[in-house]
Amino acid sequence: MKKLLYIFILLGAIYSCDQEETVFFDEPFVRICTSTGEARTVVLSNVRNTNAYTVYLSSRPITDSLEVSYEIIVGDGLKEDVDYKVVTTANPLVFFPGINDMPIRIRWLKNPVDPEKDNTLKIRLTGNSKGYNLGFPGPDHVQSEVVIEKRNN
């Protein structure tokens, strides 16, 4: 009888742990992050690379297009065509039915930065044509922007 009681307790603990870890969002949203799923990343000044920062749509399937607008905010330590080049020129991004992710590409150029200045580039979602949440639902709007910091190697 004791063994049976232990088995029920163990099964109850496993079931309750599984239920606590499951998170569902009922509200549609768009978010942006790096290729590794982060909202913040570092690019070294000795690297010449084109990186994609992806805008994701999380909703039920849409039947008409969704437009997502964004802005690029550059710190005083970075200069376009010297430190970086924005490759993606489309703004707003258009999500057609069946499309759930769109990249914003930035080409990073080899150039040392002044460590005393603001060497960040932010890509911030500013709106969309359906009024969906920007970033994950909730008061913090996590992943409504991605911050890229350029550092000397």
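Residues numbered from 1 in each chain as written. Predicted model: local features only at pLDDT ≥ 70, side-chain atom pairs only at ≥ 80, totals over all residues. Heavy atoms only, no water.

(A) Main features of a negative patch on the surface. Together, Asp76, Asp114, Glu116 and Asp118 give the surface a local cluster of negative charge. Checked against the element boundaries, glutamate 116 lands in the loop between strand E7 (101-108) and strand E8 (120-128). Note on glutamate 116: relative accessible area 74%, which makes it exposed. (Patch = residues over 30% accessible without salt bridge, like charges linked within 9 Å, V, L, I, M, F, W, Y side chains within 5 Å. Areas by Shrake-Rupley, 256 points an atom, 1.4 Å probe, with all protein chains shown as cover. Salt bridge = Lys/Arg side-chain N within 4 Å of Asp/Glu carboxyl O. Lys, Arg positive; Asp, Glu negative; His and termini not counted. Charge placed at Lys NZ, Arg CZ, Asp CG, Glu CD. Helix = DSSP H or I, 4+ residues; strand = E, 2+ residues; numbered from the N terminus. Buried < 20%, exposed > 50% of the residue type's maximum accessible area, 1.4 Å probe, protein only.)

(B) View of the nonpolar core. Tyr53, Trp108 and Ile123 are the most contacted members of the largest nonpolar core, which has 26 residues in total. Counting residues per element, the ones that place at least two in this core are strand E1 (29-33), strand E3 (49-58), strand E4 (66-74), strand E5 (84-86), strand E6 (93-95), E7, E8 and strand E10 (145-151). Aside from chain neighbours lying at most four places away, what touches tryptophan 108 is Val43, Val47, Arg48, Asn49, Asn51, Tyr53, Leu78, Asp83, Tyr84, Leu121, Ile148 and Lys150. (Core = buried A, V, L, I, M, F, W, Y, C linked by side-chain atoms within 4.5 Å. Contact = heavy atoms within 4.5 Å.)

(C) Structural context of the sheet that holds E7. In spatial order, the strands read E5-E7-E3-E1-E9; together these five strands make up an open sheet with mixed pairing. Pairing within the sheet leaves two strands with one partner each, and these edge strands are E5 and strand E9 (133-134). Both E1 and E3 contribute to a ladder of five bridges, which runs antiparallel. Note that in E3 the partner of valine 30 across the bridge is leucine 57. (Pairing = 2+ DSSP bridges.)

(D) Region of the structure containing the packing of aromatic side chains. Per the counting criterion, the structure on display carries two aromatic pairs. When the ring of phenylalanine 29 is compared with that of phenylalanine 136, the centres are 5.2 Å apart and the planes differ by 45 degrees; the resulting orientation is tilted. With phenylalanine 29 in strand E1 and phenylalanine 136 in the loop between E9 and E10, the pair connects residues that are 107 residues apart, well separated along the chain. Residue classification places phenylalanine 29 among the buried positions, given a relative accessible area of 3%. Classification of phenylalanine 136 by relative accessible area gives partly exposed; the value is 22%. On the numbers, 6.2 Å between centres and 50 degrees between planes, the contact of tyrosine 84 with tryptophan 108 is tilted. Taken as a pair, tyrosine 84 in strand E5 and tryptophan 108 in strand E7 lie far apart in primary sequence, 24 residues in all. Exposure class is identical for tyrosine 84 and tryptophan 108. Each is buried. (Phe/Tyr/Trp six-rings, centres within 6.5 Å; stacked < 30°, edge-to-face > 60°.)

(E) The arrangement of the side chain of arginine 31 in detail. If you trace the backbone, arginine 31 turns up in strand E1. Buried charge without a partner: arginine 31 forms no salt bridge, and the closest opposite charge is aspartate 101, 9.1 Å away. Polar contacts involving the side chain of arginine 31 include one to the side chain of glutamine 143, which spans 2.6 Å. With residues near it in sequence (within four places) discarded, arginine 31 still touches Thr54, Val55, Tyr56, Leu125, Gly135, Phe136 and Gln143. (Polar contact = N/O pair within 3.5 Å; in protein donor to acceptor, adjacent residues only side chain to side chain.)

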